[in-house]
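Geometric and topological summary
Single-letter residue listing:
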Amino acid sequence: MSDLVFRTAVRADLPAVVALLADDVLGRSREATVVDGAYERAFADISADPRNHLVVAEQDGEVVGCLQVTYIPGLGRHGAERALVESVRVRADRRGAGIGRALMTWVVDRAREQGCALVQLTTDKRRADAHRFYVGLGFVASHEGMKLPL
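Predicted, not measured: the structure shown is a model, and the values here were computed from it.

Here we take up the sheet that holds strand β1 (residues 4–8). The five strands lie next to each other as β1-β2-β3-β4-β5, forming an open sheet whose pairing is mixed. Either end of the sheet is taken by a strand with one partner, and the two such strands are β1 and β5 (118–121). Along the sheet, successive strands turn relative to each other by an average axial angle of 30°, direction set aside. Bridge analysis of strand β4 (residues 82–90) against β5 gives four bridges, and the strand direction is parallel. If you follow Leu84 over to β5, its bridge partner there is Gln120.

On to the layout of surface pockets. Of the pockets and cavities examined, the second largest pocket occupies roughly 180 Å³. Taken together, Met104, Thr105, Val108, Ala111, Arg112, Cys116, Ala117, Leu118, Val119, Leu137 and Phe139 form the lining of the second largest pocket. The set of elements that each furnish at least two residues to the lining of the second largest pocket consists of α5 (99–114) and β5. Here the element with the most residues in the lining of the second largest pocket is α5; it accounts for five residues. Of the residues assigned to the lining of the second largest pocket, the class counts are nine nonpolar, one polar and one charged.

Before going further, it helps to examine the side chain of Asn52. Mapped onto the secondary structure, Asn52 falls in strand β2 (residues 52–59). In terms of polar contacts, Asn52 uses its side chain to reach the side chain of Asp49, at 3.0 Å. Looking at Asn52, its side chain comes within polar contact range of the side chain of Gln68, at 2.8 Å. Those residues within four positions of Asn52 in sequence are excluded, and the remaining contacts are Ile46, Gln68, Val69 and Thr70.

Summed over the entire model, instances satisfying the criterion amount to 15 salt bridges. Here Asp24 ties to Arg89 by a salt bridge, and the two come within 3.7 Å at their closest N and O atoms. Here the residue Asp24 occupies a position in the loop between α1 (14–22) and α2 (27–30), and Arg89 occupies one in strand β4, the gap between them amounting to 65 residues. Taken as a pair, Asp24 and Arg89 share a single burial class, namely buried.

Phi is positive for Arg77, close to 60°, though the residue is something other than glycine. Classification of Arg77 by relative accessible area gives exposed; the value is 57%.

Counting residues in each nonpolar core, the largest one holds 24 residues, and the members touching the most others are Leu67, Val85 and Met104. For this core, the secondary-structure elements that each account for two or more residues are β1, β2, β3 (62–72), β4, α5 and α6 (128–136). When residues of this core are assigned to their parent elements, the largest contribution, seven residues, is made by α5. In contact with Val85, not counting residues within four places along its chain, are Leu67, Gln68, Val69, Met104, Val107, Val119, Gln120, Leu121 and Thr122.

All right, on to the packing of aromatic side chains then. Following the criterion strictly, the structure yields three aromatic pairs and no others. Here the aromatic rings of Phe6 and Trp106 are separated by 5.6 Å at their centres, their planes lie at 35°, and the arrangement is tilted. Placement of Phe6 in strand β1 and of Trp106 in helix α5 is noted, with a sequence separation of 100 residues between them. Judged by relative accessible area, which is 22%, Trp106 ranks as partly exposed. Both rings, one in Tyr134 and one in Phe139, keep their centres 5.9 Å apart while their planes meet at 70°; by these two values the pair is edge-to-face. Just as Tyr134 is buried, Phe139 falls in that class too. One aromatic cluster is present, formed by Phe133, Tyr134 and Phe139 through successive ring pairs.

Rules of the game
- Residues numbered from 1 in each chain as written.
- Predicted model: local features only at pLDDT ≥ 70, side-chain atom pairs only at ≥ 80, totals over all residues.
- Heavy atoms only, no water.
- Pairing = 2+ DSSP bridges.
- Helix = DSSP H or I, 4+ residues; strand = E, 2+ residues; numbered from the N terminus.
- Axes fitted to C-alpha atoms, helices over the stretch in contact; angles between N-to-C directions.
- 1 Å grid on protein atoms, 1.4 Å probe; cavity = no way out; pocket = protein on both sides within 12 Å on 5 of 7 lines; lining within 4 Å.
- Points joined across faces, edges and corners; volume = space filled by probe spheres on them.
- Nonpolar A, V, L, I, M, F, W, Y, C, P; charged D, E, K, R; others polar.
- Polar contact = N/O pair within 3.5 Å; in protein donor to acceptor, adjacent residues only side chain to side chain.
- Contact = heavy atoms within 4.5 Å.
- Salt bridge = Lys/Arg side-chain N within 4 Å of Asp/Glu carboxyl O.
- Buried < 20%, exposed > 50% of the residue type's maximum accessible area, 1.4 Å probe, protein only.
- Core = buried A, V, L, I, M, F, W, Y, C linked by side-chain atoms within 4.5 Å.
- Phe/Tyr/Trp six-rings, centres within 6.5 Å; stacked < 30°, edge-to-face > 60°.

Right under this line is the structure:
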């Protein structure tokens, strides 16, 4: 994994990131396959927000993974800041090679450096493999998450 690089995504990475988001059973039904105005606006908003980071994993000059991390200040837990991790993806042909583990280790280390008291994430209840992956990293299913589509 020494050839794996984690960095902030740039605009040129957007097609690869969108492809990663669309490349799974759930993503196929909710993501577009091309970069459109909605993705452009979202990327610009994320890039402009100092508490939001779209991160890519690059190997051999190619984007092979991504995630978004948002640092959230809070009053709970005695004013603790937390890191919210979303949209974790590894390219299908590279899954099982340790890229996801390295990416998550990297983001947890950044959260510690940021002074966060915890890292939190949600994962769809239908993603059993992802649940095993996160538990293997030490995450605990301590809360029931809920969403309201708008």
